[in-house]
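# A structural walkthrough
Okay, here's what each chain looks like letter by letter:
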Amino acid sequence: MSGTEHLSTRREGATLVLTLNRPEAKNALSLPMLVGLYDGWLAADADDAIRSVVLTGAGGDFCAGMDLKALAGERGTGSAAGDAYRDRMKADPDLHWKAMLRHHRPRKPVIAAVEGYCVAGGTEILQGTDIRVAGEGATFGLFEVRRGLFPIGGSTVRLPRQIPRTHALEMLLSGRPYSAAEAAAIGLIGRVVPSGTALDEALAVAERINACGPLAVEAVKASVYETAEMTEEAGLAAELKRGWPVFDTADAKEGARAFTEGREAVYRRE
């Protein structure tokens, strides 16, 4: 896998690493990047050998949001590559929302490794990830209202469900920047690590996930999101429907045998 001109992909064992790759623009979102992101999510879901995904940015930043100038320029280039990206977007007008994890949820766990700027659209994509690690120098925020804009990537819906409402509203309505320490304190990210080490830590988290039973991991993730807005009674019933089939898999039996025999389990998605 190689991604697009603004999105690079590589494999680290059973982890697919997607890297936003426009460092000169602080990895602001472009048309090639959005197409590449969506293709990356689809590739991860289609390949059973991939057990997790890490999303990060090149050059010391995660993502500074949407690059409106680049998107406007790409509409008028007339290049073959530009035409191909525009054709993809025309064929699927929802593609950019799927790329930003607004209208698409990968079945594999997605871990964000954040350094530098993670603002506007960057913070919106972040809300679609499952586990979030940030370098201590990272900056977060939804700056749209400062420009008279609306954070339409899902933040008015998702953010108050992920962090306390008072913090969500302050972030949404003030448009101020948040340090990594503040973001961790309000629950937007899970942990803060020394600057420059977020990717290494995210890969370590991914490796621990990869060592677990993939059918179990995917079922657990699906259950968490599926039951999030249910009543407790309905959620517990849905959990049983997701969970019981896992116990009947060959992987579940392998996990028990490996524990008994004092060895690492070898899971085969069976």
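Anyway, here's the lowdown on the structure attached to this text. This is a predicted model, so every value here is computed, not measured.

What counts as what
- Residues numbered from 1 in each chain as written.
- Predicted model: local features only at pLDDT ≥ 70, side-chain atom pairs only at ≥ 80, totals over all residues.
- Heavy atoms only, no water.
- Helix = DSSP H or I, 4+ residues; strand = E, 2+ residues; numbered from the N terminus.
- Polar contact = N/O pair within 3.5 Å; in protein donor to acceptor, adjacent residues only side chain to side chain.
- Contact = heavy atoms within 4.5 Å.
- Axes fitted to C-alpha atoms, helices over the stretch in contact; angles between N-to-C directions.
- Parallel < 35°, antiparallel > 145°, perpendicular 65-115°, else oblique.
- Nonpolar A, V, L, I, M, F, W, Y, C, P; charged D, E, K, R; others polar.
- Pairing = 2+ DSSP bridges.
- Phe/Tyr/Trp six-rings, centres within 6.5 Å; stacked < 30°, edge-to-face > 60°.
- Buried < 20%, exposed > 50% of the residue type's maximum accessible area, 1.4 Å probe, protein only.
- Lys NZ or Arg CZ within 6 Å of the ring centre and 35° of its normal.

With respect to the element layout, Asp61 can be found in the loop between β3 (52–57) and α2 (68–74). One polar contact links the side chain of Asp61 to the main-chain amide nitrogen of Tyr117, over a distance of 2.7 Å. Sequence-distant contacts of Asp61, defined by excluding residues within four places in its chain, comprise Lys26, Asn27, Glu115, Gly116 and Tyr117.

Packing of helix α10 (residues 214–226) against helix α11 (residues 232–247) brings their axes to within 10 Å, and their N-to-C directions diverge by 175°. The angle between the axes of α10 and α11 places the two elements in the roughly antiparallel class. Between α10 and α11, the residues in contact are Leu215, Ala216, Ala219, Ala222, Ser223 and Glu226 and Ala238, Glu239, Arg242 and Val246, respectively. Considered class by class, the residues forming the contact of α10 with α11 number 6 nonpolar, 1 polar and 3 charged.

Let us now look at the pairing of strand β1 (residues 7–12). Where β1 and strand β2 (residues 15–20) come together, 6 bridges link them in antiparallel fashion. Residue pairing in the sheet places Ser8 in a bridge with Thr19 of β2. Linking β1 to β2, which pair antiparallel, is a turn of 2 residues; within it Gly13 sits at a positive phi near 65°.

To continue, consider the packing of aromatic side chains. Describing an aromatic ring pair means giving the distance of the ring centres and the angle of the ring planes. One pass over the full model with this rule turns up 1 aromatic pair. Summarising the aromatic geometry, the rings of Trp244 and Phe247 are spaced 5.5 Å apart at their centres and angled 55° between planes, so their arrangement reads as tilted. Remark: Phe247 and Trp244 occur in helix α11; sequence separation between them is 3 residues, near one turn of the helix. For the pair shown, Trp244 and Phe247 are each scored as exposed. A cation over an aromatic ring shows up here: Arg146 above the ring of Phe143, its NZ or CZ 4.7 Å from the ring centre. The ring of Tyr178 is capped by Arg176, whose NZ or CZ atom sits 3.8 Å from the centre of that ring.

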